[in-house]
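Observations on the three-dimensional arrangement
Okay, here's what each chain looks like letter by letter:
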Amino acid sequence: MGDDSEWMKLPVDQKCEHKLWKARLSGYEEALKIFQKIKDEKSPEWSKFLGLIKKLVTDSNAVVQLKGLEAALVYVENAHVAGKTTGEVVSGVVSKVFNQPKAKAKELGIEICLMYIEIEKGEAVQEELLKGLDNKNPKIVVACIETLRKALSEFGSKIILLKPIIKVLPKLFESREKAVRDEAKLIAVEIYRWIRDALRPPLQNINSVQLKELEEEWVKLPTGAPKPSRFLRSQQELEAKLEQQQSAGGDAEGGGDDGDEVPQIDAYELLEAVEILSKLPKDFYDKIEAKKWQERKEALEAVEVLVKNPKLEAGDYADLVKALKKVVGKDTNVMLVALAAKCLTGLAVGLRKKFGQYAGHVVPTILEKFKEKKPQVVQALQEAIDAIFLTTTLQNISEDVLAVMDNKNPTIKQQTSLFIARSFRHCTASTLPKSLLKPFCAALLKHINDSAPEVRDAAFEALGTALKVVGEKAVNPFLADVDKLKLDKIKECSEKVELVHGKKAGLAADKKESKPVPGRTATSGAAGDKDTKDISAPKPGPLKKAPTTKAGGPPKKGKPAAPGSTGSAGTKNKKGPETKEIVEPELSIEVCEEKASAVLPATCIQLLDSSNWKERLACMEEFQKAVELMDRTEMPCQALVRMLAKKPGWKETNFQVMQMKLHIVALIAQKGNFSKTSAQIVLDGLVDKIGDVKCGNNAKEAMTAIAEACMLPWTAEQVMSMAFSQKNPKNQSETLNWLSNAIKEFGFSGLNVKAFISNVKTALAATNPAVRTSAITLLGVMYLYVGPSLRMFFEDEKPALLSQIDAEFEKMQGQSPPAPTRGISKHSISGTDEGEDGDEPDEVGTDVVDLLPRTEISDKITSELVSKISDKNWKIRKEGLDEVAGIINEAKFIQPNIGELPTALKGRLNDSNKILVQQTLNILQQLAVAMGPNIKQHVKNLGIPIITVLGDSKNNVRAAALATVNAWAEQTGMKEWLEGEDLSEELKKENPFLRQELLGWLAEKLPTLRSTPTDLILCVPHLYSCLEDRNGDVRKKAQDALPFFMMHLGYEKMAKATGKLKPTSKDQVLAMLEKAKANMPAKPAASAKASSKPMGGSAPAKFQPSSAPVEDSVSSTVEPKPDPKKAKALGVSSKVKSAQGKKVPSKTSLKEDEDKSGPIFIVVPNGKEQRMKDEKGLKVLKWNFTTPRDEYIEQLKTQMSSCVAKWLQDEMFHSDFQHHNKALAVMVDHLESEKEGVIGCLDLILKWLTLRFFDTNTSVLMKALEYLKLLFTLLSEEEYHLTENEASSFIPYLILKVGEPKDVIRKDVRAILNRMCLVYPASKMFPFIMEGTKSKNSKQRAECLEELGCLVESYGMNVCQPTPGKALKEIAIHIGDRDNAVRNAALNTIVTVYNVHGDQVFKLIGTLSEKDMSMLEERIKRSAKRPSAAPVKQVEEKPPRTQSINSNANMLRKGPAEDMSSKLNQARSMSGHPEAAQIVRREFQLDLDEIENDNGTVRCEMPELVQHKLDDIFEPVLIPEPKIRAVSPHFDDMHSNTASTINFIISQVASGDINTSIQALTQIDEVLRQEDKAEAMSGHIDQFLIATFMQLRLIYNTHMADEKLEKDEIIKLYSCIIGNMISLFQIESLAREASTGVLKDLMHGLITLMLDSRIEDLEEGQQVIRSVNLLVVKVLEKSDQTNILSALLVLLQDSLLATASSPKFSELVMKCLWRMVRLLPDTINSINLDRILLDIHIFMKVFPKEKLKQCKSEFPIRTLKTLLHTLCKLKGPKILDHLTMIDNKNESELEAHLCRMMKHSMDQTGSKSDKETEKGASRIDEKSSKAKVNDFLAEIFKKIGSKENTKEGLAELYEYKKKYSDADIEPFLKNSSQFFQSYVERGLRVIEMEREGKGRIPASTGNTNGEEVGPSVYLERLKILRQRCGLDNTKQDERPPLTSLLSKPAVPPVASSTDMLHSKLSQLRESREQHQHSDLDSNQTHSSGSVTTSSSSTANIDDLKKRLERIKSSRK
C-alpha cells in the first residue's frame, strides 16, 4: 500500500502520466470529474490539459484507456481549445482505439471523432480517417469506414467531403477482408443517399456482383432528400432559430432547406477529362466541307464518338464549333443537322462552363433551325440548346433569344418559347432579375396573342414558369394589360411547372406578403448566404408592400415603388410590429377622427378649423405638446396628419400657424411609426410650401423627418414627381436644393437615378434660372456618388449648359462624398450598414447605362469586314480594324450583339504584327465602354484572350492589354473573370510576363471584392508554382497576391491545397502562408472599412441578409467604433467604381499629409556621439545578436524617437511589411534633401536596416538594399567616414545577406560592399568578411571568399588582416570544403593573390593536403595569368579622399571589381576583363617597342621611359610595328584582342550552361576550319583541351544525371565537342602543341565517354561513340608522339591502380598503346625515347613483374613487352643510350629487361656477319663509356645548380662542350625548367664572348658601361626574346642544338597536367633558394608565368609585361 499512498498524493496531471496503471486510472477519473465541473468553455483550466488528451486515448492498458476515452470525449465536447488537438488525438484513436477488441472502446473512439467534426474540425478528422484506410489492420480500416459513414449520415455531405472517400471506394471493394468489403458497401449506400446517381460513374468498374448488390440496396432507399441530423456548433444556434420560425410560420422554410442540400458532388467532378481535339481525324475539316453527304456524315460520326466522353479537357474548340454550327445552319441533309446537333450537345455536356464562350455563336443558329419539322431533328436541336444553356447564363444569350422571338415562322417562335420556359426552370429569383424578365415578358406577351395555338401555348408555359420562379409580385407589373382569361391560363400553367431547384422561390416571395420573415433579403453573393439558409426572395420588382424588393425602375404613379426599401426592410423588420407599419392601410376620415380624439385634447380638435388664426395657433400649440408627450407605440400617425390636413389644411393662410403645423408633421415623423401612407397625405402640402419664404425651412425639416422615417429614395421620388407636376418654379428649385442636401445627409444608397435624370432634364430646360442652377447643383452632388458616367446623359444639352455642368463637376472632382449623418438613427444596427451599400452599385450602374440609347451594329459587321480583319496582308487587316474602330466610335453606345466580330478580333490578339495587336486592344477597350455591362457575355471568348496577351514580351503591348482588361473589368465586375477554369488555365502557362502581370492584376482586384466564385481555388496550385518560379518578379507578385487569395479562400483551404506539393516546396509555401495570414486584409464588407477601402471596379456586392445571428455577430464587432465611421458605410457611393475609387481614400489621407510635411530626420547636436558613449559605457545594449530580440527593437525605437519624425517611425516599426516599404520609399525621397539628418542618424538608420535583414519579405529586403546603395553613394560623395560603431553594428548583418539564395540580392549586397570600401577602409572590412566565411551557409562562405579575392585584387596584399599569412591560411582551409562553390571561390581568391603576389603565396598559405595543393596548382595553371605588378590601388588602400588617383580608383573598383561576383570564374580563369587587359597591353606595347629599338641606351634614361609611358599611353606608336611584324607572323595577335578573345571563348567551353558551351565551340570551330585563322589558336591548345575535358567531365557527372535536361541537347553538345576536336587534330602543327598531362586527361575523358552505357541507350548514341572512335585515332596519329605515348602509359598505370576503374577502360587504353606500337616504325625518330623509357621505368616500378602477373588479365604485361620489344627491334643496342633520365639505373628493372631482350635478339641474329657482331660489341663498350660521360655531366650540372659553384660549373661545361663538340647535353637540359635552360645558354655565351674577346653582353653581370658592341649580340638577344614568345627562328639560320631546345621547351615526363605543374612549381621554389642573381630573379618571374601555359608560352599581355620587367632589371 505504501506505493499506492505515494501516487495518491500526486496532482492529477502527474497521476495521468504515472507508470502505474492504477495511478493513471485514478488520474483519468479525476480529470473526467474536473472536465464535467468546468462550466465555461473558454475557461483557462482547459488549456492545462491540452497535452494530456492524446495520452488519454492511446493508453496501453485497455481498462484505463476506456476511462481515458470517456474523459477525452467530455473534453472535446466542452473545451474551446480542443480543436488544437484534433490531428494527434484522431490519429491516436485510429491507431490505438480502433484495433481494440472491446466494442465500447471503438464506440467511444467514433464518438470522439464525431465530436471533433461537430466542433468544426471535420477536414482534419476526415484526413486522419482516410489515412487509416491504408492501415494493414483490417479492424482499423473497418472502424474508419464506419466512422466516416456515421459522420456522413449525421452531418451530411456539406460537412463530410465525398470526393476523397469516393476515390478510395473501388480499392475498398477489392479488399481481401469481407468485413472491409461489407463496410464499403454500407458507406456506398450512405453516399448514394446523399448524391444519388452521381455515384454511379466512379463505381462502374467494380465487380459486377458487388455492383448488383449495391443497385439492390440503392433501390430500397427512400426518395426524399436526406437531411443532416446533427449540426456543427456554428449551425446549432441557427438551427434552433429556424425551428422556432418553422413552428411559428408553418412550412415557410421548407423550401429553403431543401434547396440547401443540393448534392455537392456531381459525377462530372469525379471523372477524368479526356483530350479529344488531337484525336479528330486529320482530314476532318476537309471532309466536313465535302460535297458528298456520306463524307460529311463520316466526319460527324467521328466527332460524335469522341464527344461521348462525359468530361472533356479544355482547349480551343472554336474551329470545331464553327464547323458544327455551319452544318446545323447550312446543311441540306437533315440527318446531318441532327447529327451535328448531337455533337454540339456532347461538347456542351463534356465541357460544361468551358463551352460557355461558344454559346453565343451557336444559339441563334439552333433556334433558327427549329423551322425543321422532323421530330428527330427537333429533338436533337432541343437537347443541344438545353445542354448549351447549362454552360452559360440566360443573361448572356438573352439578346440572341429575343432576336429570334420576332421570327415569322411559328415553329421557331413555339420552340423558342418552350426553350425559354425550360431555361426559366433552371433559374432562381436571383438569376432571373427584373432587368432580364422585362424584355422576355414583353416578347412572350406578343406570343400569347399569336394566331397559332402552339405558339400561344408555349408562351403561356414560359410565362407560367416565370411566375413560378420569381413569384406573382415580380411578374404582375408586366401582366397589367393581360385579360383575366389569359392570366388564369398563365397561373394554371404555373401550377403545373416543376422547377429544377424545387419550389422555393415563388413560395417564399408570396408568403412574405402576409408574414414577413425577418431579414430575408435577396442574397446572391454576400457572405450571409450561408448563415440564413435562404436562397430566394425576389430581387427585382417595385412592390407596394413587400419589404424584400430591391430598387427597381422608374416609379409608377398609383403604385408607389419602393426603390431600395431593402434597407428599410432590413431595419424595420428588427422591430417586430413596426414592419406592419410599412404596409399601413389607408384609413377613412371617420376612423382617423376617432383615433385622434383618443389622444388629443377635445378643444384641440374643435379649434382645428376655427376661423380665428389665434385659436388655430393655440390649437397647434396644444397639438404639439400632446405629440411631444405621446408614446411611440400609441401615436396614431396617420390619424394625426389627417387632422392636420383637415380644412384649411395646407391652404392655411397664417404663416405662424403654418410653421407650427409643419413643425408638428416633422415631430410626428420623428417620434411615431410613420408610414408611407401617412407620408402621402402630407407630402403634397409640404412640396407646396417648400418655396414659401417663411415656411420653406419648416417644410424642408418636415420632409427630412419623413425621409428619415420612410427612407430617402422613396420620399425623394414622391417629392420630385410632385414638384415637377406643378408650375411653381420656386417650389421646384427649393425641392432640388432640399434633395441636394438630403443626399449629402442620407447618402446615395437606393436612390433611383433614372427617375431623377428625367426630372433634372426637365429642370435644366426650365426658363427660370434658379431652377436650372438648383438642378446643376443637384447634379454636382450626384456626381460625387455616381461619377463621370453621369455626364453621358447630358451630352445632347446645349453647349452653354453643358459647360456649366462641367464646371460644377470639376468643382466636385477630388472630393469624397460626405459620411451620411441621417437615415441611421433608426437602423444603426450594423447589419443594415452593410445592407446599405449592398446591391446599389449594381443597381445604379445598370440604371445609368440602361438609360442610354444603344445602336445595333451587327448589320455593319459584314462577312467582308470579318474576312478583311483575317486577311493575310497586314495592311488589309489594319484597314479592317480601322473600320471596326470607326463603327464603334460612330455608334458610341452599342447593343451586345456584334455578330462574328469577337472571333475576328480574337484572332488579331495573337497577330504577328504587334501594332495590330495594340490596335485590337484599343478597339476592345472602346468596345467595353460602348457596350457597357453587357460586355459580360464576351468575357469568356474575348476577355480571356486579352489576358493571354499579358504574356507578350513587349512592355507596351502588355501595358495596353492591362489597360484593356481593367476597362473590361470595370464594366463586368470580377465575377465573370473568376468563374470557370479559364483564369487558372492562363496562370498555368509558364510565361513569366503573363504570370507577373496576371498576379499583379489579381492582387489589385481581389482586395476590393466582398466575395469571389469558388473557382478561385483552381488558381491556387498555379499560384504556388509561381511562388517558386525561376523568375524573381513572378515570385514577388505571387507573394504579394497570396494574402488576397487567402482573404477570400481562408487559410485552411489554402493550406490544404499545399498537399500536392513536394515536401520541400510544401514547407516553403506553408511558411509563406503563415506570413500571409498575418498580413491578410479583412474583406471589404464591414461598415468601417467602406470609408477607407475603395471597392474599385468590383463586382457589385449584394445585400447581406440580416438574420438574427448575423446581426449579433456583426454588431458586437463594430459597436465600439465611433458613430461617424459607422455612418460612413451609408455613404458608399452607388457608383463605387468611379467615385469611391478615387475619393474616399483622399479624405482619410488629407490629415496624414499635413502631418507628413517637414523633415523626417531631426538633427540632434552630438546625438550620435552621445549614443556611442552610452553604448561604450554599457548604458544601453550593444548591437549584437543572432536574431533581434524585442529589447533591441524597443531600444532602437526609443533612440529614434528624438530624431525621426513620429509618423515615419510608426511606419518603420509597423507589423505589416507594406508599411516598411512605404518608410523606405520616403527615406529614398528624402535622402538627397536631408543629407545632414541622414548622417546624423546614420547609426540608427543602419541598425533599423539590420532588422529588415531578418524579415522574410523579399520586397522589403530589395528596397532596403536599393536604399543602401544610394546611401553609400551619398556618403562617399560627402567624403564621410563610417565610424567603428556604425560598421560593427551593420557590416556583420549585411554579410549574412550575401548568402541569400536569390542572385539579385547577392548581387546587390556585393555592390553595397564595394561601395562601402569608399567610406570604410578595406583593411577593416576584411576581418568582417573573413568572419562571414565561417558561416554554415555555403553560399555565404563562397560569396565572402569571392569578395576577399576582389579586395586583394583591388587593394593589394596590405588589405589582408591581421596578417597576410594568417588570412591566407584561413582562406586556404576552404579549398577542402564540402561545397563545390566554396572550393572554387577559395581557389579563385588564392589565384587572385597569386596573380598579385606571385610565388610567395605558397609560403603564406603554409602546408596543404596533397589533394588541396593539386587543386590549387591546377587552378593556377588554368587561370592563364602571370603574376602582375602590384595593383594600382596598393597606394590608396584607405578610402580615397583627396588623392588625385581618386577617380581612377573608383573606375577600377566599379569596373572589374563590381562585376566580379558573377563573372569571376570566367574572367579569372582566362583573360581578366577584356577592357582592363587592353589597357595593360597598350602600355606595355609602348615600352617594349621603345626598348627593342633603343640599342642599349644607358641606365640614366630609365626615368624617361616611365615618363614616356604616362604621356603616350593612349597614342599607339606606329614606327616599330612593321619591324615586329616582319619578325613574327603572330605578333599582331598580341596587339589585337585575339588572344584575350580566344581565352574568353575557351573559358566558355567549360560553362555549365549547355548553350553557352555550344556557342563557344561553334566559334572555335569556325577558327579551326579556316586555315588562315587556325594559327590564332596556337598557344591556346592546352587551355582549350583542358576546357574540353572539363566539359566532358561535367556532362558525364552532371548533365547526364539531370532528368530535366533534354538528352538531345547533350548529344548536340557531344557532337560539337567531337567535331571541334577532329578539326583540331587534323591540323598537325596545333595537335603537336598538346602536352602530356592534357593529353592524358583528354584520353581519359574520351575513353570514359566511349564506355558510357547511358549514351548507348540514346537514339544517336551509337553515332556519338563511332565519332569518338574516329577522334581517338586522330589524336593518336597527330599528337606529339612522345607526349601521347607518355600520356597513354601514365593513363594505363592510373587505370590499373584505381580500384574503381573498369577493366574495359584499361583494355581500351592498351588498344590505343597497340595502335601506337604499330605506328612506331614511322615515328620512332620523332620520339624522345629517354622520356618514354623513364615512363616505362616508373610503370615497372609501380607494377613489378610479379604484380603484373597477378592481374586478372594478361594484357598489361603483354602490352608492355610488345612495346619494349618493338623499341628494341627498331633501335637495337642504341636503346640503352636512352636511359639517361632514370636516376639509379642499377635498380631499374627496365635496364635488366632491355639487356635481356638485346641479348635474346643477339642470339637470334647470331648467324649474321662478324662485322655486325663487332659493331654490336663496340656499342656495348660505347655504352659503358657513355655512362661515365653521363656521370661527369651530372656533376657539372650539379655545380651549376648550387649557389657557390655556378660560374665554375658553367666554365667546366663550356670546356667540355669545346672538347666533345658532339656531346649530347640535351637530356640534362630537358629535365630542367625553361629559365634554367636559358640561364645555362646565356652563361655559355658570356664565357664564349669573354674568351674570344668579342665584347660583353649586358646580362647577368649587370655591366652597362656603354661600350660598343656588334650587331650579332642584338641578333642573339632578338633570338632569345623570340624564343621566349615561342616564335620560330628557323627562317634566319639553323639553330645550335642548345637553342633548338629552347624554341620548344621539352616537357618533363609527368603524370598529368596537374602533376606537371606540381613539379614545375617545386623546381621554382628550389631555384629561388639556389640562385641569387638579379637576372635569374627576373627570369624566374617569367618562368613561373610561362609554366602556367603548358607546352608553349601563350602570346599574352602578361608575357610582354614580364619581358619589359626583365629588360628593365637587366639594365640596372
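The rules behind each value
Residues numbered from 1 in each chain as written. Predicted model: local features only at pLDDT ≥ 70, side-chain atom pairs only at ≥ 80, totals over all residues. Heavy atoms only, no water. pLDDT = per-residue confidence, 0-100. Contact = heavy atoms within 4.5 Å. Helix = DSSP H or I, 4+ residues; strand = E, 2+ residues; numbered from the N terminus. Expected span 1.5 Å × (residues − 1). Buried < 20%, exposed > 50% of the residue type's maximum accessible area, 1.4 Å probe, protein only. Core = buried A, V, L, I, M, F, W, Y, C linked by side-chain atoms within 4.5 Å.

If pLDDT is low for a region, its predicted coordinates should not be looked at in detail. Looking at the chain, pLDDT values average 75 and 76% of them are 70 or higher. Below a pLDDT of 50 lies the segment residues 825-847, which in the model reaches 75 contacts outside its immediate sequence neighbourhood of four places, other chains included. Residue range residues 1425-1513 is modelled with pLDDT below 50. Its contacts to residues more than four positions away, or to other chains, number 181 contacts.

What follows concerns helix α66 (residues 1242-1253). A rise of 1.5 Å per residue sets the reference length of α66, with its twelve residues, at 16 Å; its end C-alpha atoms lie 17 Å apart and thus fit the reference within 8%. In terms of burial, α66 is a largely internal element, twelve of the twelve residues being buried. Listed in full, the buried residues belonging to α66 are L1242, D1243, L1244, I1245, L1246, K1247, W1248, L1249, T1250, L1251, R1252 and F1253.

Here we take up the nonpolar core. In terms of nonpolar packing, the biggest core is built from 96 residues, with F1625 and I1736 touching the most fellow members. In terms of nonpolar packing, the next biggest core, distinct from the first, is built from 95 residues, L1268, L1271, F1290 and V1382 among them.

Another point: the side chain of E183. Turning to its location among the elements, E183 is positioned in helix α11 (residues 178-195). Ignoring anything within four residues of it in the chain, the contact list for E183 reads V142, I145, E146 and R149.

Further remarks concern the environment of K84. Relative to the assigned elements, K84 resides in the loop between α6 (62-78) and α7 (86-97). For the pair K84 and L50, spaced 34 residues apart in sequence, the C-alpha separation works out to 8.1 Å.

What follows deals with unusual backbone geometry. In the segment running from Q1361 into P1362, the intervening peptide bond is cis, with an omega of -10°. By the secondary structure assignment, P1362 is in the loop between α72 (1338-1355) and α73 (1364-1373). Residue R196 is not a glycine yet carries a positive backbone phi of 50°. Mapped onto the elements of the fold, R196 is located in the loop between α11 and α12 (208-220). Residue R196 is classed as partly exposed on the basis of its relative accessible area, which comes to 23%. Phi at R352 is positive, roughly 50°, even though this residue is not glycine. In this structure, R352 sits in the loop between α18 (334-351) and α19 (356-369).

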